[in-house]
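Coordinates in review
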Amino acid sequence: MEEIKVQLTTTPKQKPADESKLGFGKIFTDHMFVMDYTDGHWHDPRIVPYGPLDLTPACMCLHYSQEVFEGMKAYRGVDGKIRLFRPEQNFARLNSSNDRLSIPLIDEELAEKALEMLVDIDSDWVPHTDGASLYIRPFIIGTEDALGAHTSTEYKFIIIMSPSGSYYAGGLAPVKIYVETKYVRAVIGGTGYAKTGGNYAASLKAQDIAAEQGYSQVLWLDGVERKYIEEVGAMNVFFVLGDEIVTPMLRGSILPGITRKSVIEVLKHMGYKVSERLITVEELIEANAKGEFKEMFGTGTAAVISPVGELKCGDTIIPINNGKIGEISQMLYDKITGMQFGKIPDEFGWTVVVK
Ligand SMILES: *Cc1c(COP(=O)(O)O)cnc(C)c1O
């Protein structure tokens, strides 16, 4: 493994004095990780002061969106230890996205080592407030200086970090979700399972329309039949229907969330019946009529568990659990954040202590 060089900043920034005003992804730590790909190989892994990149206007990712990213967090535990949550899963998924976007694969072990070094160096930036964390954004961009529409021959792999506030400053509050029936996010055979910026660019219009109507997120349906439920903006979704917990199966159009995977594993471990299968809005409406639609929640690194209190599909509005948080949603939130913040033992071996 190539040595990771470190160049520390000589002008450290002032850390935010009031952690309640952090928001999300607006300020960045003192250092970042950078590695280059030229002449057919990755080289020069290094930690350097955070700062602007030197790119030309013809830089390929700016024109043809050849880019991938990840989202993960470092948590300061109640025991003072700083933990990552399943980081190897993020780097494995980054390589799966790389493969789909024709980006050369990275050394996952080197990436995890680089991240642990970076978090260690900037550890004072990991927030102390309960629920707040250091958001971590690894990403790779095609940087060849050329306009031909082909696979870039040069790349940069970068990791930046941003202290971010608790997603639920006011407690675990249910959100209202809008089922999108006109626009689609992804199709099987497309890039839906890859974490790439283009998927987000394609989803902004529907997101804006939903927001205008007072809905915080869009629930996507499959791109062919507009029938099967896929996922929400940046979260996977789960439904509690009677005694079955259902989440859409991974068919290539859905992002395979690490929180999704963890939720399935926790639920199965606890003896719940979990099904990964096709599910339609019709089925939800029927279950609701029978009084069996008990809970709906989204899963993702940012919110961990996001309870849903209302679903709007066309003219039909489905209230869920009287707009309150369900028992299973609350239990999963407490269990997963409990492991992340060192409040309960990590019986799954998912957390990695950095320092
Ligand atoms: C990142 C992301 C998720 C959630 O994945 P996690 O690994 O749980 O954070 C879900 N859907 C989309 C589209 C995403 O980009």
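First, a word on what this report is: a plain description of the structure on this page. Predicted model only: the values in this text are computed from it and were never measured. (Residues numbered from 1 in each chain as written. Predicted model: local features only at pLDDT ≥ 70, side-chain atom pairs only at ≥ 80, totals over all residues. Heavy atoms only, no water.)

So, helix α7 (residues 281–289)
Worth spelling out the cut-off: Working definition: with a 1.4 Å probe on protein chains only, accessible area under 20% of the residue-type maximum means buried, over 50% means exposed, and in between means partly exposed. Elements are defined by DSSP. Helices are runs of H or I of four residues or more, strands are runs of E of two residues or more, and each kind is numbered from the N terminus. This arc corresponds to the set of directions leading from the helix axis out to the C-beta atoms. By definition in these notes, contact holds between two residues if any of their heavy atoms fall within 4.5 Å.
Among all positions in α7, only Val281, Leu284 and Ala287 are buried. Buried residues of α7, viewed axially, fall in a sector of 120 degrees; they line one side. Facing away from the buried surface of α7 by more than 90 degrees, the exposed residues are Glu282 and Ala289. In the core, the buried residues of α7 are packed alongside β9 (175–179), β10 (217–221), β11 (229–232), β12 (236–241), β15 (293–300) and β16 (304–313). Just downstream of α7, glycine 291 is the residue with a positive phi angle, here 75 degrees.

With respect to the side chain of glutamate 310
Just so we agree on the cut-off: The convention is simple: Lys and Arg are positive, Asp and Glu are negative, and His and the chain ends are not counted. The term salt bridge refers to a pairing of a side-chain nitrogen on Lys or Arg with a carboxyl oxygen on Asp or Glu at a separation within 4 Å. Whenever two N or O atoms come within 3.5 Å, that pair is a polar contact, provided that in protein one can donate a hydrogen and the other can accept it, and provided that, for residues adjacent in sequence, both atoms are side-chain atoms.
Position of glutamate 310 relative to the elements: it lies in strand β16. For the buried residue glutamate 310, which engages in no salt bridge, the nearest side chain bearing the opposite charge is lysine 176, 4.4 Å off. There is a polar contact of 2.7 Å between the side chain of glutamate 310 and the side chain of tyrosine 215.

Topic: the environment of isoleucine 344
Along the chain, the position of isoleucine 344 falls in the loop between α8 (327–340) and β18 (351–353). When its relative accessible area of 33% is taken as the criterion, isoleucine 344 is described as partly exposed. Sequence separation between isoleucine 344 and arginine 93 is 251 residues; the distance between their C-alpha atoms is 27 Å. When near neighbours in sequence (up to four residues on either side) are disregarded, isoleucine 344 contacts Asp334, Lys335, Gly338 and Met339.

Thoughts on the site of the ligand
For clarity, the cut-off: By convention in this text, a residue qualifies as near a molecule or strand provided that one of its non-hydrogen atoms is within 4 Å of it. Only the protein chains shown count as cover for residues, and all accessible areas are computed by the Shrake-Rupley method using a 1.4 Å probe. When residue character is reported, Ala, Val, Leu, Ile, Met, Phe, Trp, Tyr, Cys and Pro are called nonpolar, Asp, Glu, Lys and Arg charged, and the others, Gly included, polar.
Contacts to the ligand come from 15 residues, most closely from Lys195, Tyr200, Glu231, Thr259 and Thr301. Contact between the ligand and arginine 93: an oxygen atom at 2.8 Å from a side-chain N or O atom of the residue. Between an oxygen atom of the ligand and a side-chain N or O atom of lysine 195, the distance comes to 2.7 Å. If the ligand stood free it would expose 380 Å²; the protein chains cover 96% of that surface. For the shell around the ligand, the residue count by class is five nonpolar, six polar and four charged.

Observations concerning the packing of helix α6 (residues 258–269) against α8
As a reminder, the rule being used: Lines fitted to C-alpha atoms define the axes here, with helix axes fitted over just the stretch in contact, and angles between the N-to-C directions of these axes take values from 0 to 180 degrees. Any angle between 65 and 115 degrees counts as roughly perpendicular, while under 35 counts as roughly parallel, over 145 as roughly antiparallel, and the rest as oblique.
As a packed pair, α6 and α8 sit with axes 11 Å apart at the nearest point and diverge in direction by 110 degrees. The orientation of α6 with respect to α8, classified from their angle, is roughly perpendicular. Taking contact as the criterion, the partners of Val263, Val266 and Leu267 in α6 are, on α8, Ile328, Met331, Leu332, Lys335, Ile336 and Met339. Among the residues making up the contact of α6 with α8, the classes are represented as eight nonpolar, no polar and one charged.

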